[in-house]
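Examination of the molecular architecture
These are the residues of each chain, in order.
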Amino acid sequence: MQLPSYKEARSRKKELVEREVYQSSKDVILGKGKTYYVKTYGCQMNEHDSENIKAMLEELGFSESLEMEASDLIILNTCSIRENAHNKAFGMIGRLKHLKESRPELIVGVCGCMAQEEGVVSDILSKYKQVNFVFGTHNLHRLPYILKKHLDSQKQEIEVLSVEGNLIEGMPVKRASKHKAFVNIMYGCDKFCTYCIVPYTRGKQRSRDKADILREVEQLVAEGYQEVTLLGQNVNAYGKDRNDQYCMENLLEDVAKTGISRVRFMTSHPWDFTDQMIHVIGQYSNIMPSIHLPVQSGSSRILKLMGRRYTKEEYLDLFDKIKKNIPNVSVSTDIIVGFPGETEEDFQDTLDLVEHCKYDNAFTFIFSARENTAACRLKDDTPLREKEQRLYRLNTIVNRYFLENNQKLIGTVVPVLVDGCNENGKTDLFGYTDTNKLINFNGDQSLIGKMVSVKVTDAKTWSLDGELVEF
Ligand code: SAH
Ligand code: SF4
Ligand code: F3S
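Residues numbered from 1 in each chain as written. Chains lettered and ligands numbered in written order. Predicted model: local features only at pLDDT ≥ 70, side-chain atom pairs only at ≥ 80, totals over all residues. Heavy atoms only, no water.

Let's talk about the overall build of the protein chain
Using the following cut-off: Secondary structure follows DSSP: runs of H or I at least 4 residues long count as helices, runs of E at least 2 residues long count as strands, and numbering of each begins at the N terminus. In this setup the radius of gyration rests on C-alpha atoms only. A globule is expected at 2.2 Å times the number of residues raised to 0.38. Per-residue accessibility, obtained with a 1.4 Å probe over protein chains only, is compared with the maximum for each type, and a residue is labelled buried under 20%, exposed over 50%, and partly exposed between these values. Only the protein chains shown count as cover for residues, with accessible areas throughout obtained via the Shrake-Rupley method and a probe of 1.4 Å. Working convention for charge: Lys and Arg count positive, Asp and Glu count negative, and His plus the chain ends are omitted. Charged side chains are reduced to one point each, which is NZ for Lys, CZ for Arg, CG for Asp and CD for Glu.
Counting secondary structure elements, the protein chain contains 13 helices and 21 strands. Since a compact globule built from 471 residues should have a radius of gyration of about 23 Å, the 23 Å found for the protein chain is in line with a globular shape. Dimensions of the protein chain, computed from the C-alpha atoms along their principal axes, are close to 60 × 55 × 50 Å. The buried share of the protein chain, taken over its 471 residues, is 55%. Only carbon and sulfur atoms are counted for the fraction: they give 50% of the accessible area of the protein chain, which is about 20800 Å². Taking the average location of the 62 positive side-chain charges in the protein chain and that of its 67 negative ones, the two points are 3 Å from each other.

See the structure below:
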C-alpha cells in the first residue's frame with residue numbers, strides 16, 4: 001500500500017524527469033467478456049486521462065459499457081478543484097455502496113486528483129470499503145497491475161505516489177472524438193496560486209519532449225483529425241523545465257506547420273504569455289484566435305494574496321496587446337469571487353475589469369477552501385450569502401457581454417468544425433467557430449467531422465444559430 005503525502009507532494013526537485021515507454025500488458029487478459037464504465041469529473045486533463053484508462057482496460061479485454069449500473073468494473077476519475085467536485089464524487093461513491101450490495105462482484109476503482117489527497121485516501125481506507133482500488137495521477141499507467149493485484153489479493157489496493165515519476169510515453173488511447181483530439185504537452189504546475197490544489201495533485205511541471213508531441217500530432221493528421229488542443233495547466237510555461245531553449249512559441253509554430261486544420265491550447269497563465277507567442281498566434285491561420293486567459297480577480301491586492309504574480313494593470317496591458325495583435329480574437333477567462341478578505345471595493349475592481357475586457361466567455365466561481373493550500377489558512381469573514389450575491393452580480397454582467405459579442409456576429413459567415421448532431425433531429429448539427437463559439441444549424445450528418453462555412457442568423461447568450469453556406 002502506498003499512500004499520498006502532502007509534504008512530499010509540495011517538494012520540487014531540480015532533476016529533469018526521465019522518459020519511459022509504456023509497457024503494454026496485453027498478455028494479462030483480466031477482463032475477457034467483462035465490461036467497464038469510466039465516470040470522469042473535472043477538466044480536460046482528466047478527460048484525456050480517461051481516454052488512456054479506457055484504452056488500457058480494452059487491452060486487458062474489457063469492453064466499454066454505456067450503462068454504469070450494468071458494468072463489471074466502474075472507475076471514478078475524480079477532481080479536487082472545489083468542494084462541490086469533491087461532494088459529487090463522494091455522492092457517487094455512496095451510491096456505489098448500494099449497487100455493490102446488490103452485486104458484490106462489482107469492482108470499483110477511484111483515481112484522479114482526489115486520489116492524491118491525504119484526507120480522501122484515509123477516508124476511503126476507513127469508511128468506504130466499497131472502493132476496491134485507488135491509483136493516483138502519477139501512476140495511471142500502473143492501472144493494469146493495480147487491478148490485477150486487487151483481483152489476486154481481494155483486498156483494498158492503494159497505490160498513490162506523492163512525487164511524480166517518469167514521463168510516460170506511448171500509453172494507449174481511446175479518443176472520444178474522431179476529429180478532435182487532446183494532446184498533453186506538459187503535466188503538473190509549479191505556480192502554487194494560493195487557492196489552488198493542482199500543484200499538489202498533479203506534481204511539478206514536466207514538459208514532454210517536442211519530438212513526442214509532434215509525432216503524436218503528425219499521427220493525428222495522418223488519421224484525418226482536424227483539431228488538436230494542446231493541454232497543460234499552464235501551457236505558456238511549456239519547456240521552462242527543460243534545458244533545450246525550446247518554448248511554447250516554437251511548439252505552437254511547429255504544431256501549426258504539421259498542417260492540422262485547427263490548433264487550440266489551454267490554459268494560459270498571463271505570467272508566461274510572451275510577445276513572441278502573440279506574434280505566432282497572429283501569423284498562423286490554423287492557430288485558432290481564441291484564448292483562455294484566466295484573470296481570477298480584478299483587484300491587484302487580491303491578486304497578490306492569490307500569488308498570481310501580475311497586477312490588474314499588467315493583465316490589462318497583456319489583454320489589450322492580444323486584442324490588438326491577433327485579428328478577430330476572442331478571449332475567455334476564469335474568475336473567483338469571495339477570496340478570503342475580498343472587500344466590496346476589491347470586487348468592484350473585478351467588475352471594472354470585466355467591463356473593460358467584455359469577455360466572450362467566463363467561468364465564474366465562489367472561492368472554495370482546499371485542504372493544505374495557503375489560502376485555506378487565511379481569515380475569511382465574508383458571509384456565503386454575500387459571496388453568492390457577488391457571483392450573481394458578476395454573472396449578470398459577463399452574460400450581457402457574451403450576448404452582445406454574439407450579436408455582433410449576426411450576418412457574418414464563420415468557419416465551423418462540425419461536431420455532431422443534436423438529439424432532437426438528424427439534420428440539426430452543431431459545431432464550434434474558430435473563436436470557440438457553439439453554433440447550431442441544419443445540415444446532413446455526413447458533414448460531421450468536416451469544416452464548413454455557416455452564416456450566423458441569430459445570437460443567444462451561450463450559442464449562435466446559423467445556416468450552412470457551403471460544404
Ligand atoms: N491552470 C489553470 C486553472 C485550472 S483550475 C490556470 O491557472 O488558469 C480552473 C479554474 O478553477 C481556475 O482558473 C480558478 O478560477 C478555479 N479555481 C481553482 N481553485 C479554486 C478554488 N480553490 N476555489 C474556487 N475556484 C478555484
Ligand atoms: Fe492552479 Fe495557479 Fe497552477 Fe493554474 S497556475 S493550476 S490556478 S496553481
Ligand atoms: Fe480538477 Fe485535477 Fe483538473 S483538480 S480541474 S481534475 S487538474
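Topic: the nonpolar core
Rules: Among buried residues, the Ala, Val, Leu, Ile, Met, Phe, Trp, Tyr and Cys ones that are joined through side-chain atoms within 4.5 Å form a nonpolar core. The contact criterion used throughout is that any non-hydrogen atoms of two residues lie within 4.5 Å.
Counting residues in hydrophobic clusters, the biggest one holds 69 residues, and the most contacted among them are Leu230, Met248, Leu252, Phe265, Tyr315 and Ile322. Sort the elements by how many residues they give to this core and helix 13 (residues 384–407) lands first, with six residues. In contact with Tyr315, other than residues within four places in its own chain, are Pro270, Leu293, Pro294, Val295, Tyr310, Thr333, Leu353, Cys357 and Tyr359. Listed in part, the 24 residues of the second largest apolar core include Met92, Val110, Val121 and Val131.

So, the sheet that holds strand 16 (residues 361–366)
Convention followed: Between any two strands, at least two bridges found by DSSP are needed for them to pair. Axis definition: a line fit to C-alpha positions, over the contact stretch in the case of helices; interaxial angles, taken between N-to-C directions, run 0 to 180 degrees.
One open sheet accounts for three strands, arranged 14-15-16; its pairing is parallel. The outermost strands of the open sheet, each flanked by one partner alone, are strand 14 (290–292) and strand 16. Pairwise comparison of adjacent strand axes, ignoring direction, gives a mean angle of 10° for this sheet.

Remarks on the sheet that holds strand 13 (residues 262–266)
The strand order across the open sheet built from three strands is 9-12-13, with neighbouring strands paired in parallel fashion. This sheet does not close on itself; its edge strands, each paired only once, are strand 9 (180–184) and strand 13. Each strand axis lies, on average, 25° off the axis of its neighbour in the sheet, ignoring direction. Across the face of the sheet, helix 8 (residues 248–257) comes into contact with strand 12 (227–231) and strand 13 while running at roughly 155° to strand 13.

Some words on helix 9 (residues 275–283)
Spelled out, the test is: Our arc is simply the arc of the directions from the helix axis toward the C-beta atoms.
Among all positions in helix 9, only Met277, Ile278, Val280 and Ile281 are buried. End-on view of helix 9: buried residues confined to an arc of 165°, all on one side of the axis. Residues of helix 9 that are buried in the fold lie against helix 8, strand 13, strand 14 and helix 11 (312–325).

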